[in-house]
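Understanding the architecture of this molecule
The lines below spell out each chain.
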Amino acid sequence: METAAKILIVGGVLNLALTFALGFVLSNSRLKEPEKPQHYLTLAHKVSLWEAFMLLGLVFAVELADLSSGVKTLAAVLLVASSALQDGSSVLNWLQGVSDEFAERSPGFYLATINAILATAGLAILIVGVFRGL
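What you are looking at is a predicted structure, and each value in this text was computed from that prediction instead of being measured.

Description of the pattern of salt bridges
By the definition in use, this model includes one salt bridge. Glu2 serves as the salt-bridge partner of Lys72, at 2.9 Å between the closest nitrogen and oxygen. Of the two residues, Lys72 sits in helix H3 (residues 69–95) while Glu2 sits in the segment before helix H1 (3–32), which places them 70 residues apart along the sequence. The buried category is assigned to Lys72, whose relative accessible area is 5%. A relative accessible area of 23% places Glu2 in the partly exposed class.

What about the environment of Gln96?
Relative to the helices and strands, Gln96 is located in the loop between H3 and helix H4 (101–104). Separated by twelve residues in sequence, Gln96 and Gly108 place their C-alpha atoms 9.1 Å apart.

Observations regarding the packing of aromatic side chains
The description of an aromatic ring pair uses the distance of the two centres, along with the angle that the planes make with each other. For the structure on display, the rule yields two aromatic pairs. Arranged with centres 5.4 Å apart and planes meeting at 75°, the rings of Phe102 and Phe109 form a pair that is edge-to-face. On the basis of relative accessible area, Phe102 is assigned to the exposed category, the value being 54%. On the basis of relative accessibility, which here comes to 12%, the residue Phe109 falls in the buried class. Relative to Tyr110, the ring of Phe109 has its centre 5.2 Å away and its plane inclined at 85°; by these criteria the two rings are edge-to-face. An aromatic cluster is defined as three or more aromatic residues linked by ring pairs; in this entry it consists of Phe102, Phe109 and Tyr110.

Cut-offs and rules
- Residues numbered from 1 in each chain as written.
- Predicted model: local features only at pLDDT ≥ 70, side-chain atom pairs only at ≥ 80, totals over all residues.
- Heavy atoms only, no water.
- Salt bridge = Lys/Arg side-chain N within 4 Å of Asp/Glu carboxyl O.
- Helix = DSSP H or I, 4+ residues; strand = E, 2+ residues; numbered from the N terminus.
- Buried < 20%, exposed > 50% of the residue type's maximum accessible area, 1.4 Å probe, protein only.
- Phe/Tyr/Trp six-rings, centres within 6.5 Å; stacked < 30°, edge-to-face > 60°.

All we've got here are geometric facts, nothing functional implied.
Below, the structure written as C-alpha cells:
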C-alpha cells in the first residue's frame, strides 16, 4: 500500500475517533443543558464524520492517480492537514462560544479559510492524477 493511502486511512480513522468523542461530549452537553444551542459542537461532530468518509474514500483516488509517489503523498498530507483544520475550526468556535464565525471573524474562521486552501490544493492534485490515470 502506498504511503499516501496510509496517510489518508490514518487521517480518516482519527476523524472517526474524533466523531465518537465529540458525540459523547455533545450528548453530555445536551443532557445537562438541553435548551442551550450547540451549533458548533454539533457541526464539529458532523464535520469530523464527513471528513472521515472523504479521506477514506480518497484512498481509491490515490490508487487510480497517475502521479509520482511523492506528489500523491503531498496531496494526502494537504488533505489530512486541511481536515484537521476543519475539525479544529468547529471545535474552537464551540469552545469560544462563537455564534457566527463569518460575522465575528473568529480564529475558527481563519482555520477554516486555511483548510479551504489546503483542501483545494490537495484535491486538485488528485483530480489531475485521476484523470491522467484513466
